[in-house]
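Examination of the molecular architecture
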Amino acid sequence: MRSSAALLLSLIVSVTASKAYSPLPAGIVIAESPKADIPFDLQQLKQRWIERIVAIKQAGVLPIIDIESSFNPGRLNARTYAQAMDDNGIALTAFSPQIGEKKYNKKGSLWHEASRRAIQVDPSRYIPATTAGIYPAFTKQPEAFVEMSLRKVKQQGYPMLGEFEFRHYMSPRQFKRGQTYRDVAIDIDSPAAEKLFEFSQRTGISFQIHYEIEDQLLPPLEKMLARYPNARVIWCHLGQVRYSNRSTRYQADYVRYLIDHYPGIHFDLAFGNAESIYPGSGERQSRVWRPDGSADPAWISLINDHPYRFLAALDIGGDRQDKLHQKANSLRRFLQYLSPQAREIVAYRAAWRLLFNEEIDI
Ligand SMILES: [Zn+2]
């Protein structure tokens, strides 16, 4: 009995393993893993990442680099997530750990070491990113949080910074839960932002902003883009307009104007599907889709014209770690509308070039 059970188990394991594009990590939550040495050995990591991207391509799947996701390190099972990534052709995820309220309240933490733990447990699948700039740490102490993040980038060798929430409405989930503290506003020309833009301009290391789309928020952003033209800014959630009466200027043409005028601005494609409604306004929040569920041609031709300015992203978060399949499907559906060349660039080539200043050699 025991030996047939063992045989069955080994069969299950080998079937599972055969689907993996890279070795599957131990089934532990990331917070329980030891930490990788620092500074990160990016040359060695890049070799692993290229092998994985090639393996996905060889299986006939378009590899995706998810440039913007964050996780709850105490809840994310490395093996389960790795399997979900493989099942959906997600080559790499730029991992940004979240500091929860408890940890912040107890220790006043402005930094989380979980990126090191993720790299140790699964070096094939994660790009280390700095701690997510969200409530409470960044919201309550924006300048100190940025200073800490920049110090760690230098000490530990991160190739990018995570997402900083400058203007953030409650997400649909937070809205339904009444989490009004997630409605945050930190000026994009505040001292914290100045430090980020200046650092990125000087080092070429990119950072992400969450910045709701409102007419009145556009001039200060443009002021910063003009002051720091080579800062590499990824404006997350392309075309996510949550209140149309606050946004009359932002269309595909406006984004084209930004791209033409500011060499450092990039956008990620973490937006909802065509049906996604923002509960605060009752409006469809993803303007890249038309009401009939097809992609808007104005956005598609913009991306086809400038594919290196757009990056694939899933926006997984601590409260939606189980949504990878759904989000990957929605992203792939949109990518289908792009030209084959642009699709390949947006899926993974643009991220590689932005992070490593080189074309991916495959
Ligand atoms: Zn965001």
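A few points on the structure. None of these values were measured; they are calculated from a predicted model.

Things to note about the coordination of the zinc ion
Here the zinc ion is held by the protein donor atoms Glu163 (OE), His210 (ND1) and His237 (NE2), which lie 2.0 to 2.2 Å from it. Donor residues for the zinc ion sit on one chain with the sequence pattern E-x46-H-x26-H. Residue glutamate 163 is found in strand E4 (residues 160-168), and its partner histidine 237 is found in the loop between strand E7 (233-235) and helix H11 (252-261); the two are separated by 74 residues along the sequence. Under the relative-accessibility criterion, histidine 237 is labelled buried at 7%.

Comments concerning the pattern of salt bridges
Overall, the coordinates contain 24 salt bridges when judged by the stated rule. Here lysine 57 ties to glutamate 344 by a salt bridge, and the two come within 2.2 Å at their closest N and O atoms. Here lysine 57 is found in helix H2 (residues 42-58), whereas its partner glutamate 344 is found in helix H14 (residues 340-356), with 287 residues between them in sequence. Look at lysine 57 and you get partly exposed, because its relative accessible area is 33%. Residue arginine 249 is joined to glutamate 222 by a salt bridge in which the shortest nitrogen-to-oxygen separation is 3.8 Å. Separated by 27 residues along the polypeptide, arginine 249 in the loop between E7 and H11 and glutamate 222 in helix H10 (residues 218-227) bring together distant segments of the chain. Judged by its relative accessible area of 39%, arginine 249 is partly exposed. Relative accessible area serves as the criterion here: at 11%, glutamate 222 is assigned to the buried category.

Digging into the environment of alanine 295
Tracing the chain through its elements places alanine 295 in the loop between strand E10 (283-284) and helix H12 (297-305). Residue class for alanine 295 comes out buried when judged on its relative accessible area of 6%. Sequence separation between alanine 295 and glutamine 156 is 139 residues; the distance between their C-alpha atoms is 40 Å. Setting aside chain neighbours within four positions, we find alanine 295 in contact with Val288, Trp289, Arg290, Ile300, Phe334 and Tyr337.

Focus on the sheet that holds E4
Strand order across the open sheet formed by six strands is E5-E4-E6-E7-E8-E11, with mixed pairing between neighbours. Two strands close off the open sheet at either side, each with one partner strand: strand E5 (184-185) and strand E11 (310-311). Bridge analysis of E7 against strand E8 (residues 265-268) gives three bridges, and the strand direction is parallel. Looking at E8, one finds that valine 233 is bridged to isoleucine 265. Against the sheet, helix H9 (residues 191-203) touches E4, strand E6 (206-211) and E7, its axis set at about 145° to E4.

Definitions and limits used
- Each chain carries its own residue numbering, running from 1 in the written order of its sequence.
- It should be noted that, the model being predicted, local features are given only for residues of pLDDT at least 70 and side-chain atom pairs only at 80 or more, the latter also being counted only at that level, while totals for whole chains, interfaces and linings use all residues.
- Side-chain measures were taken over the full set of non-hydrogen atoms in the model, leaving aside hydrogen atoms and water.
- Water is not part of the atom set, so a site may look incomplete; the donors themselves are N, O and S atoms within 2.8 Å of the metal, or 3.2 Å for Na, K and Ca.
- Each helix corresponds to a stretch of at least 4 residues labelled H or I by DSSP, and each strand to a stretch of at least 2 residues labelled E; elements are numbered beginning at the N terminus.
- Here the term buried applies to any residue with accessible area under 20% of the maximum for its type, exposed to any over 50%, and partly exposed to those in between, with areas from a 1.4 Å probe on protein chains only.
- Salt bridge, as used here, is a side-chain nitrogen of Lys or Arg placed within 4 Å of a carboxyl oxygen of Asp or Glu.
- Pairs of residues are marked as contacts when any of their non-hydrogen atoms sit within 4.5 Å.
- Whether two strands pair depends on DSSP finding at least two bridges between them.
- Lines fitted to C-alpha atoms define the axes here, with helix axes fitted over just the stretch in contact, and angles between the N-to-C directions of these axes take values from 0 to 180 degrees.

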